[in-house]
Amino acid sequence: MKARDELTLKRGPAHSEERRAIPRELLREHARFSLLNRERRRLLPWAILLGVLSGLLAVGFHFSLDVVETLRNRLIGWSRGFGGWGIGVPMAVSGTGVFIAAWLVRRFAPEASGSGIPHLKAVLQGYRAFSWGRTVIVKFTSGVIGIGVGMALGREGPTVQMGGALGWMLGNHYSKDPDKLRILVAAGGGAGLSAAFNAPLSGMVFVLEELQGRFASLEFFAAAVACLTADMVCRAFLGDYPVFRLPPVSTPALELLPAFVPLGAACGVLGVVFNRCVLAAQRVSARTAGWYQAWWVIWGMALGLCGWLAPEVLGGGQSFAGRVIDGHPLAAASILYYFLARFALTIGSYGTGTAGGIFAPILVLGALVGLEMGQWAIQLFPGGRIEPYVFAVAGMASFFTGSVRALLTGVVLMIEMTGNYALILPLLVACFTAWMVADWLHDTPIYEALFQRDLAKGVGRGTEISDPDHT
């Protein structure tokens, strides 16, 4: 007290009011900090439970897809025993499968169409609500059937939306406050991505960079806990190793970094082309509503034909990308063929409206572009110790950045999927270049464009929340 009185006398009466205000500010800060800690402790078990459920659901989805894709490959092999007549078997099965997968979505849960990430963004911004049980069932079933019969779509979009749906289910028990409810929805989406790629950091970054678009303590806390828990669950069932296993890679020399600039520029341009083709396919699909069921069957039969000719171009393509990155070389002509085939199959498959994501197909396209650019770089710099698979990894991240415009997610995802931090410099160079090129072309990121399109046409109009202006 004596010291405080002496300080008051030195400063004079003008400072006494400020001195007396300091304890109130400290009390308010202490109250805020205590409230935040109490909320974290209350949120912790819900986030852990969400991570466990999201991880288990992703594991079930993964195993189901593996079983169905194995059956598809066996069916193709069996049908070839009938000679040319056998081609009708995969065409008939794929046509039927695509029809069922698309019909389930259109009939029971239109919000489960495609990746579901645009719908999740609408939920987080307060424009939509979840019929969570219906969404999970239809998403799971349609995804397994559609991707299983060969649709060139990924499993990560479904796991993201299903994780968000589980977050909605738990969030309604955790709190009736819409803001707090959406914390678990965002965390569930991140947990779904983490489970799809064994990449917990990427799931957290994706929540903050793409889904929520803001950084808040509770949202980051819930996303971190859910993503880490989901990743541990998946590693327990699927194995504790990176998705892509690279040969030993040293940090590329600084003088080679400029070689990743044209790769990023190419992926930026191609990412924009990909986005506009996806949106064009959506518009064409909307204009042909009168015969969409026939289109489902036709597209399914086309997939069966492609499976007969080249089974490796079907499905999500993650295993194919893994073979490329693991060091299985492809001739330049083959790379171009695979790229064009996967590009067309992804656009057409997404246009049917079945459940399936474009996240993994984007990575496959980027890997092919990077592999091609890497082979060119070897010819231009014969003494540069260039590894083509390093370009393939950088191509995956930069193509994703050019399309989605989530630069940090692309970089962190590739580091986690390869388990190699030495690639960070080429990844940053390629991704930043792709981001700048796509931005200069005034292209809207794909998930944002699909989100705006869904809002404009009123997708899921029967599931709006009661306070759509509350964000």
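Residues numbered from 1 in each chain as written. Predicted model: local features only at pLDDT ≥ 70, side-chain atom pairs only at ≥ 80, totals over all residues. Heavy atoms only, no water.

Caption draft 1: Just the overall build of the protein, in detail. Looking only at helices and strands, the protein has 18 helices and zero strands in total. Put simply, the protein has 471 residues, and 56% of those count as buried. For the protein, the accessible area works out to roughly 20200 Å², and carbon and sulfur atoms hold 66% of it. (Helix = DSSP H or I, 4+ residues; strand = E, 2+ residues; numbered from the N terminus. Buried < 20%, exposed > 50% of the residue type's maximum accessible area, 1.4 Å probe, protein only. Areas by Shrake-Rupley, 256 points an atom, 1.4 Å probe, with all protein chains shown as cover.)

Caption draft 2: View of the environment of Met396. Tracing the backbone through its elements, the reader meets Met396 in helix α15 (residues 388-404). For Met396, a relative accessible area of 0% puts it in the buried group. When the C-alpha atoms of Met396 and Val364 are compared, they prove to be 6.8 Å apart, with 32 residues separating the residues in sequence.

Caption draft 3: Layout of the packing of α15 against helix α16 (residues 407-418). Here α15 crosses α16 at 150 degrees, and the two axes come no closer than 8 Å. With respect to each other, α15 and α16 are oriented roughly antiparallel. Taken as a pair, α15 and α16 cross one another with a handedness that is right-handed. Contacts between α15 and α16 involve Val393, Met396, Ala397, Phe400 and Thr401 from the first element and Leu407, Thr409, Gly410, Met414 and Thr418 from the second. In the contact of α15 with α16, the residues fall into six nonpolar, four polar and no charged. (Axes fitted to C-alpha atoms, helices over the stretch in contact; angles between N-to-C directions. Parallel < 35°, antiparallel > 145°, perpendicular 65-115°, else oblique. Left-handed = near helix turned anticlockwise from the far one by under 90°. Contact = heavy atoms within 4.5 Å. Nonpolar A, V, L, I, M, F, W, Y, C, P; charged D, E, K, R; others polar.)

Caption draft 4: Here's a closer look at the pattern of salt bridges. All chains considered together, the criterion is met by seven salt bridges. Note that Glu448 and Lys121 form a salt bridge whose closest N and O atoms lie 3.7 Å from each other. One end of the pair, Glu448, is in helix α18 (residues 446-457); the other, Lys121, is in helix α4 (residues 117-124), with 327 residues separating them in the sequence. The class of Lys121 is buried, set by a relative accessible area of 4%. Between Asp443 and Arg405 there is a salt bridge, with the nearest N and O atoms lying 2.9 Å from each other. Separated by 38 residues along the polypeptide, Asp443 in the loop between α17 (424-440) and α18 and Arg405 in the loop between α15 and α16 bring together distant segments of the chain. Since its relative accessible area comes to 13%, Arg405 is described here as buried. (Salt bridge = Lys/Arg side-chain N within 4 Å of Asp/Glu carboxyl O.)

Caption draft 5: Molecular detail of the state of the cysteines. A complete count under the given rule lists zero disulfides for this structure. Just so you know, Cys431 is unpaired, no disulfide at all, and the nearest cysteine sulfur is the one on Cys267, 8.7 Å from it. Overall, Cys431 belongs to the buried group, its relative accessible area being 0%. (Disulfide = S-S within 2.5 Å.)

Caption draft 6: The confidence of the model for the protein, seen in detail. Residues at a pLDDT of 70 or more form 85% of the protein, whose mean pLDDT is 83. Predicted confidence for residues 1-11 stays below pLDDT 50, and this span has three contacts to residues more than four positions away or in other chains. (pLDDT = per-residue confidence, 0-100.)

Caption draft 7: Quick peek at α17. Its 17 residues give α17 an end-to-end C-alpha distance of 24 Å, which sits within 8% of 24 Å, the value for a rise of 1.5 Å per residue. Within the span of α17, buried status applies to Ile424, Pro426, Leu427, Ala430, Cys431, Thr433, Ala434, Val437 and Ala438. Its buried side turned inward, α17 meets α10 (260-287), α15 and α16. Within two residues after α17, His442 carries a phi angle of roughly 55 degrees, on the positive side. (Expected span 1.5 Å × (residues − 1).)

Caption draft 8: Up close: the nonpolar core. Counting 122 residues, the largest nonpolar core has Phe197, Phe274, Phe359, Leu363, Met414 and Leu427 as the members making the most contacts within it. Lining this core are residues from two domains, each supplying at least three of them: domain 1 (40-238) and domain 2 (254-456). Counting six residues, the second largest nonpolar core, distinct from the first, contains Ala109, Ala112, Val138 and Ala355. (Core = buried A, V, L, I, M, F, W, Y, C linked by side-chain atoms within 4.5 Å. Domains from an automatic or database assignment.)

Caption draft 9: Representation of α16 in the model. An ideal rise of 1.5 Å per residue puts 16 Å on 12 residues; α16 measures up with 17 Å between its terminal C-alpha atoms. Among the 12 residues that make up α16, 10 are buried, leaving the element largely enclosed by the rest of the structure. Among the residues of α16, Leu407, Thr409, Gly410, Val411, Leu413, Met414, Ile415, Glu416, Met417 and Thr418 are the ones counted as buried. Looking at the buried residues of α16, the elements they touch are α7 (178-197), α8 (200-211), α14 (359-380), α15 and α17. Among the residues trailing α16, Gly419 stands out with phi positive, at a value near 65 degrees.

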